[in-house]
Structure formats: C-alpha cells, structure tokens
Amino acid sequence: FFLMIRRPPRSTQSRSSAASDVYKRQALRAMLLIDEIRGRLCEIFSLKKHRIDHVVHGGVASAIVYGALTDATPEQIESAIGILSSHYVPFRASRSVGKELSNSESGAAAFIAESAVLSVKRSMRGFVGPRDIFRNREALWKMFTDDEGGD
C-alpha cells in the first residue's frame, strides 16, 4: 500500500533528495494516522467477542488514509468504507488454532489493506457503497452498540 503513495518521478529522485524526503515524511504521517485511527476504532468497536478479525480496523484506517492521499472526496471515502465493511470482513476463523502460523493468518492485514485500496479506487470511479455505515442498523458496526434505534 505504501508503495502506491505518490512517488516522485525518477528525474527528481536523482536530482534532489529533498523531494524524496517529502515522500518519506508523507509515508510516515500516513502510517501514524493509520495507527491513530485503528486505536480509536478499537476503543469503540470490540471485534473479538463477535469473532471478527481485528484487521478490519486497519482496513478502515487504510481506506481513510489512502483516500485522503489520493484526493478522494469525503463522500468517496465514506463509500469506500461502506464497500469494505459490507464485502470484505474477515472472521477469526482465519486464525490458526495450533501453534503454527497459517498463510491466511499471516496475510490477513495485507489482504484487508489491499481490499481497502481497491474499495477507494472503485469508489473514486463511481461505485457507490452503503452510506452512513456506522449508524445503519443493518451494517456491521451497529452490532457493537447497545441501542436498537439505528438512528
């Protein structure tokens, strides 16, 4: 995912390390923002008791940050989160029971980040995902709230 962050053209890479430093700082900020968003989602939405893999938080964060980096509109980012939350939610069944790490377990974060990027790209090309995904009573995220109103 971070390889897709606006790389400087090769001509500027060879001429100046200043352009390269800008992209390094941008990548670092993106990683920090992803971590901050994941942390806040973890505080609000506990996934383990619903047997949903925790990488979903990283997927939502990746969609938000990648959308911001690629100049997606807030509506497109919301749509991408809707696409991701509706179609790409991994359950904890992908986690191995034994002591050995499975391919599915080791690739879970990469798969959801890839799905997040794909969701943003689809949204930016006009595909409209579910709206108001955090309050829609039929959506994944409503499972974590106590009220049944669906506001």
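Residues numbered from 1 in each chain as written. Predicted model: local features only at pLDDT ≥ 70, side-chain atom pairs only at ≥ 80, totals over all residues. Heavy atoms only, no water.

## A closer look at unusual backbone geometry
Move 1: Even without being a glycine, Asp71 presents a positive backbone phi close to 65 degrees.
Move 2: Mapped onto the elements of the fold, Asp71 is located in the loop between α3 (55-69) and α4 (74-87). (Helix = DSSP H or I, 4+ residues; strand = E, 2+ residues; numbered from the N terminus.)

## A closer look at the pattern of salt bridges
Move 1: Taken as a whole and judged by the stated rule, the model has two salt bridges.
Move 2: Note that Asp35 and Arg38 form a salt bridge whose closest N and O atoms lie 3.8 Å from each other. Here Arg38 and Asp35 lie together in helix α2 (residues 17-44), a separation of three residues that amounts to about one turn.
Move 3: With a shortest N-O distance of 2.6 Å, Arg40 and Glu36 are connected by a salt bridge. With Arg40 and Glu36 both in helix α2 and four residues apart, the pair spans about one turn of that helix.
Move 4: With a relative accessible area of 51%, Arg40 lands in the exposed category.
Move 5: Using a relative accessible area of 39% as the deciding quantity, one classes Glu36 as partly exposed. (Salt bridge = Lys/Arg side-chain N within 4 Å of Asp/Glu carboxyl O. Buried < 20%, exposed > 50% of the residue type's maximum accessible area, 1.4 Å probe, protein only.)

## Digging into the nonpolar core
Move 1: With 29 residues, the main nonpolar core has Val56, Val60, Val65, Ile81 and Trp141 as its most contacted residues.
Move 2: Of all the secondary-structure elements, those providing two or more residues to this core are α2, α3, α4 and α5 (103-124).
Move 3: Sort the elements by how many residues they give to this core and α3 lands first, with eight residues.
Move 4: With residues near it in sequence (within four places) discarded, Val56 still touches Leu47, Val89, Pro90, Ile112, Leu140 and Trp141. (Core = buried A, V, L, I, M, F, W, Y, C linked by side-chain atoms within 4.5 Å. Contact = heavy atoms within 4.5 Å.)

## Points about the confidence of the model for the chain
Move 1: Mean pLDDT for the chain: 80, with 75% of residues reaching 70 or above.
Move 2: Put simply, helix α1 (residues 10-15) is where the chain has its lowest mean pLDDT, 53, and α3 is where it has its highest, 94.
Move 3: Within the model, pLDDT remains below 50 along residues 1-5, and this stretch shows 15 contacts once partners closer than five positions in the same chain are excluded. (pLDDT = per-residue confidence, 0-100.)

## Some thoughts on the side chain of Ser62
Move 1: Inspection of the secondary structure puts Ser62 in helix α3.
Move 2: Reaching out from Ser62, the side chain makes a polar contact with the backbone oxygen of Gly58 at a distance of 2.8 Å. (Polar contact = N/O pair within 3.5 Å; in protein donor to acceptor, adjacent residues only side chain to side chain.)

## Quick notes on the environment of Glu75
Move 1: In this structure, Glu75 sits in helix α4.
Move 2: When its relative accessible area of 48% is taken as the criterion, Glu75 is described as partly exposed.
Move 3: The spacing of Glu75 and Arg131 is 56 residues in sequence and 8.7 Å in space, taken between C-alpha atoms.

## Re a nonpolar patch on the surface
Move 1: Among the surface-exposed residues, Leu28, Met31 and Leu32 lie close enough to one another that they form a single nonpolar patch of about 300 Å² accessible area.
Move 2: On the secondary structure map, Met31 appears in helix α2. (Patch = residues over 30% accessible without salt bridge, like charges linked within 9 Å, V, L, I, M, F, W, Y side chains within 5 Å. Areas by Shrake-Rupley, 256 points an atom, 1.4 Å probe, with all protein chains shown as cover.)

## Here's the deal with the packing of α4 against α5
Move 1: The interhelical angle for the contact between α4 and α5, taken along N-to-C directions, is 130 degrees, at an axis separation of 8 Å. The angle between the axes of α4 and α5 places the two elements in the oblique class. Judged by the sense of rotation from one axis to the other, the crossing of α4 with α5 is right-handed. Mapping the contact onto sequence places Gln76, Ser79, Ala80, Ile83 and Leu84 in α4 and Ile112, Ser115, Ala116, Ser119, Val120, Ser123 and Met124 in α5.
Move 2: Along the lines of polarity and charge, the residues of the contact of α4 with α5 split into seven nonpolar, five polar and no charged. (Axes fitted to C-alpha atoms, helices over the stretch in contact; angles between N-to-C directions. Parallel < 35°, antiparallel > 145°, perpendicular 65-115°, else oblique. Left-handed = near helix turned anticlockwise from the far one by under 90°. Nonpolar A, V, L, I, M, F, W, Y, C, P; charged D, E, K, R; others polar.)

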